[in-house]
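# An overview of the molecular structure
Listed below are the residues making up each chain.
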Amino acid sequence: MGVEAHATNERATGRTWTVRLDPVGRGRADVRVSCSRPACAAQVLPSAAVGRTAAVEHLKAHLRAGPAPRPSAYCACRAEECHTHVRPAGPRERPAPWRCGGAVVLAVVTDREGRWWRVMECCSRCAAAHPTAKIAATAPAPDRTAPADAFRAAAASVPTVPAVGPHFSHTAAGASGAAAPHEVPAPRSERPPRPPRPTRQRARRGRIAQRFVPHELRPVALRDELTELGELFRAYQQRAEPDLAMLADLHARKAKAFRDWAEVTADTGLRLDAERAEQAAATARLQHLHRSGQAPEGDGPAVTRLLTASAQWNHARAVLTHVADHSPLPGPEARLLVVMLTLRTAQSGVGNLVGQDLKGLPLPDPEHLVGQLVECGWLDIAGTVDELIASRPENPTRIGVPSLTPDESDPGPFTFGRKMRPKLSGWAQRVVGEKKLRKAKTSADARLLALALATGVSLDGQLGPEGEGLPLEALASWCAVTPAELLELVDRLTATDWLTEVAVTDTVLTGRLTERVLPLSCPLT
């Protein structure tokens, strides 16, 4: 121990200095850059970003102008008894002393927030223990060559040490100036990089529609097609805007690939997936034609509908079905009013109404109908019925339908959102207030029949799915009339150029909507 202590005293302690970035005062943006070296004066800079740049440049200037690390310097980290790299002792173990080693380096240590930078002249092992340390310079290895007799004399003066045990860079040999019998290993930063280990290329495993594509699937072209389709579908899901034409092509390719896959593996599930993909392709292609204003299969002129998507058509039919099942009052006038009020309040249960909205409907006594709806509890209004009839667009009346108001236990009967509701309400007003229906002064039951026919046609305007017609009993029930009265309503719509090619049997009404009102239709898909 005496020899080791003497060697430590003979060696110069490693240099260390710090550059700091500190705020000047609370609530101020300017900062102070200071250096612990005596010759450096502090600077005040306008912002933290400017101060951080100045601190880094100041540090680099010191590193460029200062001397290189000294091979014989005593590790500054150990001289200050730094505990940053010492693993804390557990409840049943003793703390292990840190062992210095390696070449002497200039290491730059900084905090993660970039508030201070410290330069230390320390051993490479201590530098490596600091997680943020960067090596700025490394001391050259000392000259180990010496005559044989000098080496033997130095070896004779060194006390014998056990073959197994800790070996420090500041042994007693350093005290007498003799070279150590073993060379210190070069720091890790100076060692040649190891050649990379060969990596085994794993075969790409495709995935499509929650199915993994087997790597051994043959033919290879089918396996590659399925893998590529899975990637294309996942890329399509990341698109900001939909492209229905592209989606239809992807579904068509998927249908063909799944049919081929089913032929190879005799898997019935794959064949069913192929059929579903064909249906999805047809639906996406049809939606693309509707949105782009094209006619299906290029037959006939394009129809630009007020409601453009099949989801909107289904929502319109859902509202009419709900009103037919939950109308609080009998009669076609009350039902027509309930349809219009439901569309005004469908999404949140509340809405605005003005007197003109009621006066524009074919109702002989709108005040009486509104009063009945309020008395039965189906409708709530802010104020009186007379105030509602007299209200104008600049001062609408707030109305509410309690049965349509969602809560935590009941989200309401409809699934569309706020943007969809005004579209459906506008569509119903266009149908009910259609120009020729107003000029002919058709009654409420005729307007209800117009709504029913608009939502019960095929793409080309034929009544019923694929032109099969609509049941007379269902139409009469919706319009709140008898089957005999329904025939009169059909004649009225035919006279107003709503219907053409009409044929009535005992049970079914067939025909088609005229070209004039096709834009108001909601086809069955």
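Before reading further, recall that the structure is shown in the block above.
This write-up is about the structure you can find in this document. No experiment lies behind these values; they were computed from the predicted model shown.

## Looking at the overall build of the chain
Per the secondary structure count, the chain includes 19 helices and 14 strands. Here the chain holds 525 residues, and the buried ones make up 37% of them. Sequence separation of at least 24 residues holds for 62% of the intrachain contacts in the chain that already meet a minimum separation of 6. As presented, the chain carries roughly 30700 Å² of accessible surface, and 53% of it is formed by carbon and sulfur atoms.

## A short note on the environment of Thr405
With respect to the element layout, Thr405 can be found in the loop between β11 (397-400) and α15 (420-432). In this structure, the C-alpha to C-alpha distance between Thr405 and Ser348, residues 57 residues apart in sequence, is 5.5 Å. When neighbours within four sequence positions are excluded, Thr405 is seen to be in contact with Ser348 and Gly349. Side-chain polar atoms of Thr405 contact the backbone oxygen of Val401, separated by 3.2 Å.

## Examining the sheet that holds strand β13 (residues 499-504)
Strands sit in the order β12-β14-β13 across an open sheet of three strands; the sheet is antiparallel. Each having just a single partner strand, β12 (470-471) and β13 make up the two edges of the open sheet. For β12 and strand β14 (residues 508-513), the ladder comprises two bridges, and the chain directions are antiparallel. When the sheet's bridge partners are listed, Pro471 is paired in β14 with Val508. Of the strands in this sheet, β13 and β14 are in contact with helix α19 (residues 483-495), which crosses β13 at around 155°.

## A word on the pattern of salt bridges
All told, the structure shown has 19 salt bridges when counted by the stated rule. Lys256 serves as the salt-bridge partner of Asp260, at 3.3 Å between the closest nitrogen and oxygen. Residue Asp260 and its partner Lys256 are both found in helix α8 (residues 244-265); the two are separated by four residues, about one turn of the helix. Among the residues examined, Asp260 registers a relative accessible area of 33% and is labelled partly exposed. Salt bridges sharing partners connect three or more residues here, namely Arg211, Asp267, Asp273 and Arg276.

## A look at the packing of aromatic side chains
With the rule as written, the count across this model stands at two aromatic pairs. Between Phe414 and Phe416, the aromatic rings sit 5.5 Å apart at their centres with planes inclined by 20°, giving stacked as the arrangement. On the basis of relative accessibility, which here comes to 11%, the residue Phe414 falls in the buried class. Residue Phe416 is classed as buried on the basis of its relative accessible area, which comes to 7%. Over the face of the ring belonging to Trp17 we find Arg37, whose NZ or CZ atom lies 4.6 Å from the ring centre. Directly above the aromatic system of Phe258 lies the positively charged group of Lys254, at a separation of 5.5 Å from the ring centroid.

## A word on the nonpolar core
Core analysis: the biggest nonpolar cluster contains 72 residues, and Leu337, Leu379, Trp427, Leu449, Leu453 and Trp498 have the highest contact counts within it. Here this core gets nine residues from one element, more than from any other, and that element is helix α17 (residues 444-454). Contact partners of Leu379, with chain neighbours within four places excluded, come to Leu341, Val370, Leu373, Val374, Ile399, Gly400 and Val401. One finds Val213, Leu222, Ala257 and Ala274 within the second-largest nonpolar core, a separate group that totals 19 residues.

What counts, and at which threshold
- Residues numbered from 1 in each chain as written.
- Predicted model: local features only at pLDDT ≥ 70, side-chain atom pairs only at ≥ 80, totals over all residues.
- Heavy atoms only, no water.
- Helix = DSSP H or I, 4+ residues; strand = E, 2+ residues; numbered from the N terminus.
- Buried < 20%, exposed > 50% of the residue type's maximum accessible area, 1.4 Å probe, protein only.
- Contact = heavy atoms within 4.5 Å.
- Areas by Shrake-Rupley, 256 points an atom, 1.4 Å probe, with all protein chains shown as cover.
- Polar contact = N/O pair within 3.5 Å; in protein donor to acceptor, adjacent residues only side chain to side chain.
- Pairing = 2+ DSSP bridges.
- Axes fitted to C-alpha atoms, helices over the stretch in contact; angles between N-to-C directions.
- Salt bridge = Lys/Arg side-chain N within 4 Å of Asp/Glu carboxyl O.
- Phe/Tyr/Trp six-rings, centres within 6.5 Å; stacked < 30°, edge-to-face > 60°.
- Lys NZ or Arg CZ within 6 Å of the ring centre and 35° of its normal.
- Core = buried A, V, L, I, M, F, W, Y, C linked by side-chain atoms within 4.5 Å.

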